[in-house]
Amino acid sequence: MGPRILFSAPDEHWPLWRPHLLAAFADAGLDVTLTNDPSGPWTFDYVVYQPGGPVRDFAPFERIKAVLSLWAGVESIVGDTSIVVPLCRMVDVGLTRGMAEWVTAHVLRYHMGIDGHILGQDGVWRNSVVPPLAPERTVGILGLGELGRATAAMLTSIGFRVVGWSRGPRELPGIETWSGAEGLSEVLGASEILVLLLPATPATENTLDARALAMLPRGARIINPGRGPLIDDEALLKALDNGHVGHATLDVFRQEPLPAEHPYWAHPMVTVTPHIASATRPETASMAIAENVRRGEAGLDFLNVVNRAESY
Ligand code: NDP
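Residues numbered from 1 in each chain as written. Predicted model: local features only at pLDDT ≥ 70, side-chain atom pairs only at ≥ 80, totals over all residues. Heavy atoms only, no water.

An unreviewed UniProt entry annotates the protein chain as Glyoxylate/hydroxypyruvate reductase A of Amaricoccus macauensis.

What follows is the structure, given as structure tokens:
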């Protein structure tokens, strides 16, 4: 009998995912039993997981070989001590491309001053500002993982100068890379537009605090599709109010949905987007899930295993 797979995600996802998962498992040559019914006996081999589904405790699933997250960010599950098997996070070509496109769109919006022409049209013909070209603009990216690297590559392909920061040293073609506290200062100091693509971990909380914000060039723009806790919100609001930060586009927040009374909503220098920077796409992500199950069944190492000690 082939592997038994439990899909644990909010109910509305099941009809969307089921056909793509079944097709991907068939393409991978796997004869699986796939269900979204978590009731016992718990003889599942894998749990495909997204927060909000029925599974809250993995202890009863004594036979599972891996937990396969549908999300790239695993902060809500990484500390779950009932998971004693590899926890794999989502790396999906669709998710990656979607993020690179979303960030590139917002970088171009800032770079070209597009808001100045599409907001508040008032009958005045202002044509005196010539924006710099991409090679004259530096974009900083904090986090050079799957999403940060793809975003950096898309931005450099357009011509932007990209500087990036990661935990360990990374060598990437066409990108200046830094790590460590000194590296963070270098990247912040150069970033006219700063993109946050770090995971939420104890070590990354408040990476962008008052001190870090002060290192940015005056008028810098911030784009955060990473996670809400990366930013000290009070410090950012202050920096926006005093003009040190020129504008922020925020897709993720400490509390989601962002409460209606949160000052970000009404702030003239903030664009709020509702955690839509990039989605896990069933068409492509199902293939990533099937590949990991195939590997597990073939006795190979799983891909994209979370480093539980580092929380990402
Ligand atoms: P990865 O795990 O591939 O990359 C994480 C990057 O952050 C790595 O470069 C890593 O460094 C770096 N990093 C981690 N901790 C630190 C630290 N303490 N100091 C400096 N650098 C650090 O993740 P992804 O690129 O796949 O995803 C990044 C995040 O994007 C996710 O965790 C999630 O929060 C968010 N996301 C948001 C979405 C949205 O729609 N808004 C959609 C999908 C993801 P190193 O290279 O040395 O390991």
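Per the stated rule, a full pass over the model turns up 1 cavity of 30 Å³ or more. Approximately 40 Å³ is the volume attributed to the largest cavity. Surrounding the largest cavity, Asn224, Gly228, Ile231, Asp233, Leu250, Val252, Phe253, Arg254 and Tyr264 form its lining. A breakdown of the residues in the lining of the largest cavity according to their chemical character gives 5 nonpolar, 2 polar and 2 charged. (1 Å grid on protein atoms, 1.4 Å probe; cavity = no way out; pocket = protein on both sides within 12 Å on 5 of 7 lines; lining within 4 Å. Points joined across faces, edges and corners; volume = space filled by probe spheres on them. Nonpolar A, V, L, I, M, F, W, Y, C, P; charged D, E, K, R; others polar.)

In the vicinity of the ligand there are 29 residues, among which Arg89, Leu144, Gly168, Arg170 and Tyr312 approach most closely. Separating an oxygen atom of the ligand from a backbone N or O atom of Leu147 is a distance of 2.9 Å. In this structure, a nitrogen atom belonging to the ligand sits 2.9 Å away from a side-chain N or O atom of Asp251. In isolation the ligand exposes 940 Å². Once the protein is present, 92% of that is buried. (Near = heavy atom within 4 Å. Polar contact = N/O pair within 3.5 Å; in protein donor to acceptor, adjacent residues only side chain to side chain. Areas by Shrake-Rupley, 256 points an atom, 1.4 Å probe, with all protein chains shown as cover.)

Side-chain pairing between opposite charges can occur once the charged atoms of the two side chains come close. Per the stated rule, a full pass over the model turns up 15 salt bridges. A salt bridge links Glu291 to Arg294; the nearest nitrogen and oxygen atoms lie 3.0 Å apart. Here Glu291 and its partner Arg294 are both found in helix α9 (residues 282-297), 3 residues apart, which amounts to about one turn of the helix. Ionic pairing is found between Arg295 and Glu291, a salt bridge with its closest N-O pair at 3.7 Å. With Arg295 and Glu291 both in helix α9 and 4 residues apart, this pair spans about one turn of that helix. By relative accessible area, Arg295 is classed as buried at 18%. (Salt bridge = Lys/Arg side-chain N within 4 Å of Asp/Glu carboxyl O. Helix = DSSP H or I, 4+ residues; strand = E, 2+ residues; numbered from the N terminus. Buried < 20%, exposed > 50% of the residue type's maximum accessible area, 1.4 Å probe, protein only.)

So, on to the packing of aromatic side chains. Here the distance between the centres and the angle between the planes together describe a pair of aromatic rings. Considering all chains together, one arrives at 8 aromatic pairs under this definition. Here Phe7 and Trp14 contribute two aromatic rings whose centre-to-centre distance is 5.5 Å and whose plane-to-plane angle is 40 degrees, an arrangement assigned as tilted. The two residues Phe7 and Trp14 agree in class, both being buried. Ring centres of Phe44 and Phe61 lie 6.0 Å apart, and the angle between their planes is 55 degrees; on these two criteria the pair is classed as tilted. One end of the pair, Phe44, is in the loop between β2 (33-35) and β3 (46-49); the other, Phe61, is in the loop between β3 and β4 (66-69), with 17 residues separating them in the sequence. Side by side, Phe44 and Phe61 carry an identical accessibility label, which is buried. (Phe/Tyr/Trp six-rings, centres within 6.5 Å; stacked < 30°, edge-to-face > 60°.)

Per the domain assignment, the segments making up the protein chain are domain 1 (4-92 + 280-297) and domain 2 (95-272). Here domain 1 and domain 2 have C-alpha centroids that lie 33 Å from each other. Contacts between the two partners involve 9 residues from domain 1, matched on the other side by 6 residues from domain 2. Together, the buried faces of domain 1 and domain 2 total about 650 Å²; carbon and sulfur atoms form 51% of this surface. Sorting the residues of domain 1 by area buried against domain 2 places Glu75, Val91 and Asp92 first, and these three jointly supply 55% of that buried surface. Here Glu75 makes a salt bridge to Arg227, at a shortest N to O gap of 2.6 Å. Scanning the region where domain 1 abuts domain 2 turns up 3 residue pairs in polar contact (both at pLDDT 80 or more). For the side of domain 1 that touches domain 2, a count of residues per class yields 3 nonpolar, 2 polar and 4 charged. (Domains from an automatic or database assignment. Contact = heavy atoms within 4.5 Å. Buried area = accessible area lost by both parts, 1.4 Å probe.)

A grouping of Met112, Ile114, Ile118 and Leu119 is seen on the molecular surface, where their side chains present a nonpolar patch of about 390 Å² in accessible area. You can see Ile114 is positioned in the loop between α2 (93-112) and α3 (115-118). (Patch = residues over 30% accessible without salt bridge, like charges linked within 9 Å, V, L, I, M, F, W, Y side chains within 5 Å.)

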